[in-house]
Amino acid sequence: MMYKEDTTFHDLRARSVEDWLSEMENHEDLAVRGGVKVTKDYIMALQKKIDMLEEKNTLKDQYLKKISKG
């Protein structure tokens, strides 16, 4: 039986980081405000990479399953 993965910790962590970055957007230091955009872009790029690798892994799993049956 398949169970849905519990992502509560990861969801809370992502929200906390996003909230913190939103607060830092209003910081008086220009370098901090500029760093927020860079950080958000970096997190987005990492998430895209994760999604791509997960998709690739799923394709490999499907392929290996077909081969093992055949």
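In the block above lies the structure referred to throughout.
The structure reproduced in this document is the subject of the present report.

**Brief notes about the pattern of salt bridges**
Argument step 1. Within the structure shown, the criterion is met by three salt bridges.
Argument step 2. Note that glutamate 18 is salt-bridged to lysine 40, the shortest N-O span being 3.5 Å. You can see glutamate 18 sitting in helix α1 (residues 8-24) and its partner lysine 40 sitting in helix α2 (residues 30-69), a full 22 residues away along the chain.
Argument step 3. Residue class for glutamate 18 comes out partly exposed when judged on its relative accessible area of 37%.

**Observations concerning the layout of surface pockets**
Over the atoms a probe the size of a water molecule is rolled, and this reveals where empty space is left.
Argument step 1. A volume near 250 Å³ is recorded for the largest pocket.
Argument step 2. Of all the elements, α1 adds the most residues to the lining of the largest pocket, at five residues.
Argument step 3. Of the residues contributing to the lining of the largest pocket, the split by class is five nonpolar, two polar and two charged.

Calculation rules
Residues numbered from 1 in each chain as written. Predicted model: local features only at pLDDT ≥ 70, side-chain atom pairs only at ≥ 80, totals over all residues. Heavy atoms only, no water. Salt bridge = Lys/Arg side-chain N within 4 Å of Asp/Glu carboxyl O. Helix = DSSP H or I, 4+ residues; strand = E, 2+ residues; numbered from the N terminus. Buried < 20%, exposed > 50% of the residue type's maximum accessible area, 1.4 Å probe, protein only. 1 Å grid on protein atoms, 1.4 Å probe; cavity = no way out; pocket = protein on both sides within 12 Å on 5 of 7 lines; lining within 4 Å. Points joined across faces, edges and corners; volume = space filled by probe spheres on them. Nonpolar A, V, L, I, M, F, W, Y, C, P; charged D, E, K, R; others polar.

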